[in-house]
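Per-entry structural report
Each chain, letter by letter, is given below.
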Amino acid sequence: MTLTTPPVAPKKPHVETHHGITVADDYAWLRDPGYPEVKDAEVLAHLEAENAWFKQRMAPQQGMIDTLFTEMRARIKEADKSVPQKDGNYLYWIEFEEGAEYKKWWRRPVAGGQDELILDEVALAEGKEYFRLGALSVSQDGTMLAWAVDDNGSERFTARFKNLLTGELLPDEIPGTLSSLVWVAGDKGIVYSLANEQWRTDNARLHWLGQPLASDIELYHEDDEGFRVGSSLSSNEQWLIIGTSDHETSEVRLVPAADPLAAPLLVKARQAGVEYDVDLHGDTLFIHTNDSHENFRLATAPLSAPGEWTTLIVGSDTFYLTGVDLFRDFYVIEGRRAGLDQIEVRYYDDPARIEPIQFPEASYSAGLGDNPEWAMTTLRLSYESMVSPASVLDYEVASRTMTTLKVQEVPSGYDASLYATERLEITARDGTKVPVSVVYRRDRTGAGPLYLYGYGAYGIAIEPGFSTTRLSLLDRGFAYAIAHIRGGDDLGRAWYKAGKLERRTNTFTDFVDVAHGLIDRGLTRAGQIAIAGGSAGGELMGAVCNSDPELWGAVAAHVPFVDVLATMLDASLPLTPGEWPEWGNPIEDQAAFELIRSYSPYDQVRAQAYPPILVTAGLNDPRVTYWEPAKWVAKLRELKTDQNELLLKTNMGAGHGGKSGRFESLKETAEEFAFILWQLGVTG
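What comes next is a walk through the structure.

About the cut-offs
In every chain, residue numbers begin from 1 and rise along the written sequence. At least 70 in pLDDT is required for a residue's local features to be given in this predicted model, at least 80 for side-chain atom pairs to be given and counted, and no such filter applies to totals for whole chains, interfaces and linings, which use all residues. To get the side-chain values, all heavy atoms of the structure are used, and hydrogens and water are removed first. Put simply, DSSP H or I for four residues or longer makes a helix, DSSP E for two residues or longer makes a strand, and each gets a number counted from the N terminus. We take the radius of gyration over the C-alpha atoms and set the globule estimate at 2.2 Å times the residue count to the 0.38 power. Each residue is assigned to one of three classes by its accessible area relative to the maximum for its type, calculated with a 1.4 Å probe on protein chains only: buried under 20%, partly exposed between the two thresholds, exposed over 50%. The criterion used for residue contact is that any of the two residues' heavy atoms lie within 4.5 Å. The definition of a nonpolar core used throughout is a set of buried Ala, Val, Leu, Ile, Met, Phe, Trp, Tyr and Cys residues joined through side-chain atoms within 4.5 Å. What makes two strands pair is DSSP finding at least two bridges between them. A fitted line through C-alpha atoms represents every axis, and for helices the fit uses only the stretch in contact; the resulting angles, taken between N-to-C directions, go from 0 to 180 degrees. Helix span, expected: 1.5 Å multiplied by one less than the number of residues in the helix. Throughout this description, any angle smaller than 35 degrees is read as roughly parallel, any larger than 145 degrees as roughly antiparallel, any in the 65 to 115 degree range as roughly perpendicular, and the remainder as oblique. If you view the pair so one helix is near and one far, a crossing is left-handed when the near helix is turned anticlockwise from the far one by less than a right angle, and right-handed when it is turned clockwise. Only Asp, Glu, Lys and Arg are considered charged, only Ala, Val, Leu, Ile, Met, Phe, Trp, Tyr, Cys and Pro nonpolar, and every remaining residue, Gly among them, polar. Side-chain rings of Phe, Tyr and Trp, where Trp is taken by its six-membered ring, are said to pair if the distance between their centres is within 6.5 Å; with planes under 30 degrees apart they count as stacked, over 60 as edge-to-face, and otherwise as tilted. Counted as over-ring charges are cases with an Arg CZ or a Lys NZ within 6 Å of the ring centre that also lie within 35 degrees of the ring normal. Under this definition, polar contacts are N or O atom pairs within 3.5 Å; protein pairs additionally need one hydrogen-donor-capable and one acceptor-capable atom, and for neighbouring residues in sequence, both atoms have to be side-chain atoms.

**Re the overall build of the chain**
The number of helices and strands found in the chain is 12 helices and 39 strands. Compactness check: the chain gives a C-alpha radius of gyration of 25 Å against a globular reference of 26 Å for 684 residues, within 12% of the reference. Across the 684 residues that make up the chain, the buried fraction comes to 56%. Considering only contacts in the chain between residues 6 or more positions apart, those separated by 24 or more positions represent 55%.

Here it is, written out as structure tokens:
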């Protein structure tokens, strides 16, 4: 059936009053009251109608979608494998077979012998619309495998176990996990966390292999509904580390891994605004914390007095200390200076000895790779830039020499010399200089189309890395830019704080000002800028569509967090209590209520012209619930005064990450790019 008009969601009056302020929400009915199960016939019919409209409107672009998908797939080495890494008595690697959506996990004895297939994602995913492998963990003695699978996008995983020596699948099964799987007690037990009804991990539990699930023991329970619990092993694998935290406060307990039922040792009681994480070297704790400087310091403490912290590396305004990795003979510092990744090797017996690892380009992304053993002598690193494909490197610590083990192969061909990258600084309206990473073909001239990406939340930095899909835009004359806006921690913790809570709108104005700056530099012009962001980056898309619609030629908002006020007012939703430190608590704080309402994209939709917008959603998404994008699109359809395209695609069998599988996800990228090319009038 051919549709002549887009779906129109009926308006059903609904009001709520908070702090004496009444808020109307005529599309609140799109939230199925039975969520997380969505069975309401009217809701499902509306989502299916939107999907039908999306399919019909995109049908004329199918040729371009197919072309883009073919290009993107041709840049992927289909039969590919990772560089093997030694862990104990085995070398481990993953492998993709020709045409496979999913990978296989392999190992081989270091002493020699046959390759062993330890987990086959292809077989596990067979017949499933969605498949995602969560945690995967081999026991310390190498004889057992634990893994967890989500087959509907709800991010509730089921853990299973296998004897790697016999291939036997154990009857043990733990549904509803949302955590790592940590082997303890001589590989007799596994520590995990369950997601409760509100999709919060408020627990650390111990399962003894072979025992019924009902006999599992709760090692720790978190009473603060805003906190989440996670478990891991110390680098020397002697200690179970149970951590609990929200977005700005944390607390850690230590338990001997050999005796997980022992009384836990509290490192230091939580203090609002203080984050810390812990590892151990012998009887010394290494504490990475922001208690005295927002860019973190490194402290030590004796195991006998874990709360008595002594500074080892002071906090710095110029160096953002993002992490510390301990090994037997040295430790590694990771951080950022002027927004660029830094890695340093340091030594326990000589604090003054600092060995920075050097990288060749002025703008890049680098970090520690898989380094599973305590007695590492060679570090596995990753490296890439916007023009350099991802590389796997080995850094030999003693000789300070680097060996390239693998460079990402682009089978259809890639010539890095055809492309140039820059790191710009654009001055925002309040005088702040915002970094922008840009890549384009060297033969590009004039103010052409530009794809501008942004996120700007949770202190997440967007690295200037390599992308094969991006080439489909660059080769059609686009420049591609990443706006490192406030709200991320690209330039340190202060950069993050300057885009959250009462300063949240800096994120949005930074993005708009970056766009103006790129226009002023002659890279593009108003109406020729395609913008994209997902989740909290989708909130960014909604905000700048409301504030500066004339700038954008096309918008891609993926699982966008656009109904901010209603979500932050609903403490029953999975993420809400843990999100209040990020956005504010509008239930208790009227100022937070009024601020969130002032920028919440759904609440600020008004009668004006909007740019062409493509919106995606996931029916099973527990992070940004499907009704947020559905309500936003419904309200846009009601109020916008233009005839521009507005499309909503809801994945009815997927969650926050969209389609699973390496090729299925490419199809969604091809759809997004085809929409952008269509709206910007770019052909070829």
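**Describing the nonpolar core**
L452, F511, L518 and W552 are the most contacted members of the largest nonpolar core, which has 111 residues in total. Tallying contributions element by element places helix α12 (residues 662-680) first for this core, with 9 residues. Discounting residues that sit within four places of it in the chain, L452 has contacts with A481, A483, F511, V514, A515, L518, I529, A530, I531 and A532. Counting 19 residues, the second-largest nonpolar core is a separate cluster that includes V332, A366, L368 and L381.

**Regarding the sheet that holds strand β35 (residues 479-483)**
Pairing is mixed in the open sheet, where 8 strands are placed in the order β32-β33-β35-β34-β36-β37-β38-β39. Looking along the sheet, the strands with just one partner apiece sit at the ends: β32 (419-427) and β39 (646-651). Each strand of the sheet is rotated relative to its neighbour by a mean of 15°, with strand direction disregarded. The pairing of strand β33 (residues 433-441) with β35 spans 4 bridges and is classified as antiparallel. The residue bridging S437 from the neighbouring strand is I482, located in β35. Here helix α1 (residues 41-58) sits on the sheet and contacts β38 (613-618) and β39; the angle it forms with β39, its principal contact strand, is near 120°.

**Re helix α6 (residues 505-520)**
Here α6 is 16 residues long and its end C-alpha atoms lie 23 Å apart, about the 22 Å a rise of 1.5 Å per residue gives. Restricting attention to buried positions, one finds in α6 the residues N506, T507, F508, D510, F511, V512, D513, V514, A515, G517 and L518. Just beyond α6, the residue with positive phi is G522, at close to 80°.

**Points about the packing of α1 against α12**
Where α1 contacts α12, the axes come no closer than 12 Å and their chain directions differ by 60°. With respect to their mutual orientation, α1 and α12 come out oblique. For the crossing formed where α1 meets α12, the hand is left-handed. Residue-level contacts link F54, R57 and M58 of α1 to E671, A674, F675 and W678 of α12. In terms of residue class, the contact of α1 with α12 is built from 5 nonpolar, no polar and 2 charged.

**A closer look at the packing of aromatic side chains**
Both the distance between ring centres and the angle between the ring planes are used here to describe each pair of aromatic rings. Evaluation of the coordinates by the stated rule reveals 24 aromatic pairs. With a centroid separation of 5.2 Å and an interplanar angle of 80°, the aromatic rings of Y102 and F131 are classed as edge-to-face. Of this pair, Y102 sits in the loop between β5 (90-96) and β6 (104-109) while F131 sits in the loop between α3 (121-125) and β8 (132-138), and the two are 29 residues apart along the sequence. As far as the burial class goes, Y102 and F131 line up, both buried. Seen in terms of ring centroids, Y451 and F673 are 5.8 Å apart; in terms of plane orientation they differ by 70°. Their pairing is edge-to-face. Highlighted residues: Y451 in strand β34 (residues 450-453) and F673 in helix α12, separated in sequence by 222 residues. Comparing Y451 with F673 shows no difference in burial state: the two are buried. The positively charged end of R73 is found above the aromatic ring belonging to F663, 3.8 Å away from the centroid. Note that K635 overlies the ring of Y602, its terminal NZ or CZ placed 4.7 Å from the centroid.

**Points about the side chain of K631**
Positionally, K631 belongs in helix α11 (residues 627-639). Among the polar contacts made by the side chain of K631, one reaches the side chain of D25 at a distance of 2.6 Å. Sequence-distant contacts of K631, that is, excluding residues within four places in its chain, are made with D25, Y27, A28, L30, D563, A566 and Y602.

**Overview of the pairing of strand β24 (residues 319-326)**
Taking burial as the measure, the 8 residues of β24 include 6 buried ones, the bulk of the element. Direction of pairing for β24 relative to strand β25 (residues 331-337): antiparallel, over a ladder of 7 bridges. Residue pairing across strands places F319 opposite R337, the latter belonging to β25. What sits between β24 and β25 in their antiparallel hairpin is a turn of 4 residues.

**Observations regarding the sheet that holds strand β9 (residues 144-150)**
Within a sheet, neighbouring strands are paired by backbone hydrogen bonds and run either parallel or antiparallel to one another. What the 4 strands build is an open sheet, ordered β8-β9-β10-β11; its pairing is antiparallel. With one partner strand each, in any of the chains shown, β8 and β11 (169-177) form the two edges of the open sheet. The average undirected angle you get between the axes of adjacent strands in this sheet is 20°. Where strand β10 (residues 157-163) lies against β11, 4 bridges are found, and the strand directions are antiparallel. Paired with R160 across the bridge in β11 is E173.

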